[in-house]
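Chain residues, written in single-letter form:
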Amino acid sequence: MTNLPELNFIWPLSGGLLIGLSAALYLLLNGRIAGISGLTASAFGWTGAGISALGVGFLGGILGGAAIAFAYIRHAELAIASSPLLLVIGGLLVGFGTRLGSGCTSGHGVCGLARLSPRSIVATITFMAVAAATVFVTRHVIGGLS
Amino acid sequence: MTQRILVSIFCGILFGVGLVVSDMVNPGRVLAFLDVAGAWDPSLAFVMGGALIPSSIAYAIKRRCTRPAFDAEFHVPASRTIDGKLVSGAVLFGLGWGLVGLCPGPAVASLVTGRWEAILFAAAMLVGMFAHRVATSRRNAPLQAR
């Protein structure tokens, strides 16, 4: 476990508003869900409709936006404490799970909850609860896993 | 189509900036939020809460629109069926998210740091998504477009 610097709530709140604004514009202008797992799969042509230019554009935008923000807005040091093995296992689970469950934190969490989709409400409660339980077991039962 | 791609890039930039500004891109911050029994960090609640404000407004506006600005129709999933795929996908995703602290959006955004951990996680996530693609195309050939 790394020591995190305190974060004034203004940062997560304004970042959240930007993420929500992105989802809002994507819906009203392009008519689509701003779900990153689906957009990522579509950018590689894994959603059954060939390579999606919209997916490629969105992912490119995320990379550009993150680079701008790291350089000019908020210098953040990422606390990644996981071992290579854990990173691989976690990545495989996140990739496969979000596709099987048709969405992630953005698609089900931000977009699905906003439109009160019953599927998204169930998915969001499930992945939040499982993630919290996983952290509880790894940090407080096993006593640290990296 | 050009308009739609430009919207995708712009929304991607907003999303990427939002992920860094909010510190959602930081696995340590995410795990601290999920660690309800430890030194709980509420930051992520502000991210989700903040994101839901514009997103909810947009879905309320959508109800009065027949189509989005740059497309002939909305492409919002209509399914309300809660099935085993949805729940098991959310469980697998929650496990991976709780193990490492990265979900798909932050996994993409963190790549710009050039950290090997971020690259390894994103590569494994893509393998997971591809594995899902292979598994589903075997099960229902010819492919169902989604």
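Residues numbered from 1 in each chain as written. Chains lettered and ligands numbered in written order. Predicted model: local features only at pLDDT ≥ 70, side-chain atom pairs only at ≥ 80, totals over all residues. Heavy atoms only, no water.

(A) Expanded view of the overall build of chain A. Of the regular secondary structure elements, chain A holds 6 helices and 0 strands. Tracing chain A from N to C terminus, the helices and strands come up as α-α-α-α-α-α. In terms of principal-axis extent, the alpha carbons of chain A reach across some 45 × 35 × 30 Å. Looking at the 146 residues of chain A, the share that counts as buried comes to 55%. In chain A, of all internal contacts separated by at least 6 residues, the share reaching a separation of at least 24 is 44%. (Helix = DSSP H or I, 4+ residues; strand = E, 2+ residues; numbered from the N terminus. Buried < 20%, exposed > 50% of the residue type's maximum accessible area, 1.4 Å probe, protein only. Contact = heavy atoms within 4.5 Å.)

(B) The arrangement of the UniProt feature "transmembrane region" (unreviewed entry) in chain B in detail. If you check UniProt for "transmembrane region" (unreviewed entry), the listed places come out as residues 42-61, 90-112 and 118-136 of chain B in our numbering. Helix makes up 74% of residues 90-112 of chain B and strand 0%, whereas the separation of the span's terminal C-alpha atoms amounts to 27 Å. (UniProt positions renumbered as here; feature names shortened; annotations may be inferred.)

(C) Molecular detail of the packing of helix α5 (residues 105-114) of chain A against helix α3 (residues 43-62) of chain B. For the pair α5 of chain A and α3 of chain B, interaxial distance at closest approach is 8 Å and the crossing angle is 45°. Here α5 of chain A lies oblique to α3 of chain B, going by the angle between them. Considering only the axes of α5 of chain A and α3 of chain B, their crossing is right-handed. For the pair α5 of chain A and α3 of chain B, contact is made by Gly109, Val110, Cys111, Leu113 and Ala114 of chain A and by Met48, Ala51, Leu52, Ser55, Ser56 and Tyr59 of chain B, respectively. Here the contact of α5 of chain A with α3 of chain B is built from residues that sort into 8 nonpolar, 3 polar and no charged. (Axes fitted to C-alpha atoms, helices over the stretch in contact; angles between N-to-C directions. Parallel < 35°, antiparallel > 145°, perpendicular 65-115°, else oblique. Left-handed = near helix turned anticlockwise from the far one by under 90°. Nonpolar A, V, L, I, M, F, W, Y, C, P; charged D, E, K, R; others polar.)

(D) Structural context of the pattern of salt bridges. The tally for this structure, following the rule as stated, stands at 9 salt bridges over all chains. Arginine 74 of chain A is paired through a salt bridge with aspartate 23 of chain B; the nearest N and O atoms lie 3.1 Å apart. Taken together, the positions of arginine 74 of chain A in the loop between α3 (53-73) and α4 (84-100) and aspartate 23 of chain B in the loop between α1 (2-22) and α2 (27-34) put the pair across two chains. When sorted by exposure, arginine 74 of chain A lands in the same class as aspartate 23 of chain B, which is buried. Within this structure, Arg74 of chain A together with Asp23, Arg29 and Asp41 of chain B form a network of salt bridges that share partners. (Salt bridge = Lys/Arg side-chain N within 4 Å of Asp/Glu carboxyl O.)

(E) Molecular detail of the nonpolar core. The biggest cluster of nonpolar side chains holds 69 residues, and the ones touching the most others in it are Tyr26, Ile36, Phe58 and Ile62 of chain A together with Leu34, Trp97 and Phe121 of chain B. Apart from residues lying up to four places away in sequence, phenylalanine 58 of chain A is in contact with Ser22, Tyr26, Ala34, Ile36 and Leu39 of chain A together with Ser8, Ile9, Cys11, Gly12 and Phe15 of chain B. (Core = buried A, V, L, I, M, F, W, Y, C linked by side-chain atoms within 4.5 Å.)

(F) Spatial organisation of α2 of chain B. Across the 8 residues of α2 of chain B, 8 count as buried, placing the element largely inside the fold. Among all positions in α2 of chain B, only Pro27, Gly28, Arg29, Val30, Leu31, Ala32, Phe33 and Leu34 of chain B are buried. If you follow the buried residues of α2 of chain B, they end up packed against α6 (118-141) of chain A together with α3 and α4 (84-100) of chain B.

(G) Broad picture of the side chain of serine 22 of chain B. Residue position: serine 22 of chain B is located in helix α1. There is a polar contact of 2.8 Å between the side chain of serine 22 of chain B and the backbone oxygen of glycine 18 of chain B. Reaching out from serine 22 of chain B, the side chain makes a polar contact with the backbone nitrogen of methionine 24 of chain B at a distance of 3.2 Å. Once residues lying within four places of it in the same chain are set aside, the contact partners of serine 22 of chain B are Leu7, Trp11, Pro12, Gly15, Gly16 and Ile19 of chain A together with Val47 of chain B. (Polar contact = N/O pair within 3.5 Å; in protein donor to acceptor, adjacent residues only side chain to side chain.)

(H) Looking closely at α6 of chain A. Counted at 1.5 Å a residue, the expected span for α6 of chain A with its 24 residues is 34 Å, and the 33 Å between its end C-alpha atoms agrees. Positioned one or two residues after α6 of chain A, glycine 143 of chain A has a phi angle of 85°, which is positive. (Expected span 1.5 Å × (residues − 1).)

(I) Seen up close, a nonpolar patch on the surface. Taken together, the side chains of Trp11, Ile68, Tyr72 and Ile73 of chain A together with Leu6, Ile9 and Ile13 of chain B present a nonpolar region at the surface, about 670 Å² in accessible area. Those elements that provide at least two residues to the nonpolar patch are α3 of chain A together with α1 of chain B. Residue isoleucine 13 of chain B is classed as partly exposed on the basis of its relative accessible area of 31%. (Patch = residues over 30% accessible without salt bridge, like charges linked within 9 Å, V, L, I, M, F, W, Y side chains within 5 Å. Areas by Shrake-Rupley, 256 points an atom, 1.4 Å probe, with all protein chains shown as cover.)

(J) Main features of the interface of chain B and chain A. Listed as interface residues are 106 residues of chain B and, on the opposing side, 104 residues of chain A. Taking both sides of the interface into account, the surface hidden between chain B and chain A amounts to around 9,700 Å²; carbon and sulfur atoms contribute 77%. Taken together, chain B and chain A are joined by 5 salt bridges. For aspartate 35 of chain B, the salt bridge goes to arginine 139 of chain A, with nearest N and O atoms at 3.1 Å. Viewed at the interface, chain A and chain B are joined by 25 residue pairs in polar contact (both at pLDDT 80 or more). For the side of chain B that touches chain A, the secondary structure elements donating two or more residues are α1, α2, α3, α4, α5 (104-109) and α6 (116-139) of chain B. Ranked by the residues each element gives to the side of chain B that touches chain A, the list is headed by α1 of chain B, at 18 residues. Classifying every residue of the side of chain B that touches chain A gives 67 nonpolar, 25 polar and 14 charged. (Buried area = accessible area lost by both parts, 1.4 Å probe.)

(K) Highlighting the packing of aromatic side chains. Counted under the stated rule, the structure contains 9 aromatic pairs over all chains. Here the aromatic rings of phenylalanine 9 of chain A and phenylalanine 46 of chain B are separated by 5.3 Å at their centres, their planes lie at 40°, and the arrangement is tilted. With phenylalanine 9 of chain A in the segment before α1 (10-30) and phenylalanine 46 of chain B in helix α3, this residue pair bridges two chains. The exposure class of phenylalanine 46 of chain B is partly exposed, given its relative accessible area of 31%. When the ring of phenylalanine 127 of chain A is compared with that of tryptophan 97 of chain B, the centres are 5.9 Å apart and the planes differ by 80°; the resulting orientation is edge-to-face. Remark: tryptophan 97 of chain B occurs in helix α4 and phenylalanine 127 of chain A occurs in helix α6; the pair is interchain, linking two chains. An identical accessibility class is assigned to phenylalanine 127 of chain A and tryptophan 97 of chain B; each is buried. (Phe/Tyr/Trp six-rings, centres within 6.5 Å; stacked < 30°, edge-to-face > 60°.)

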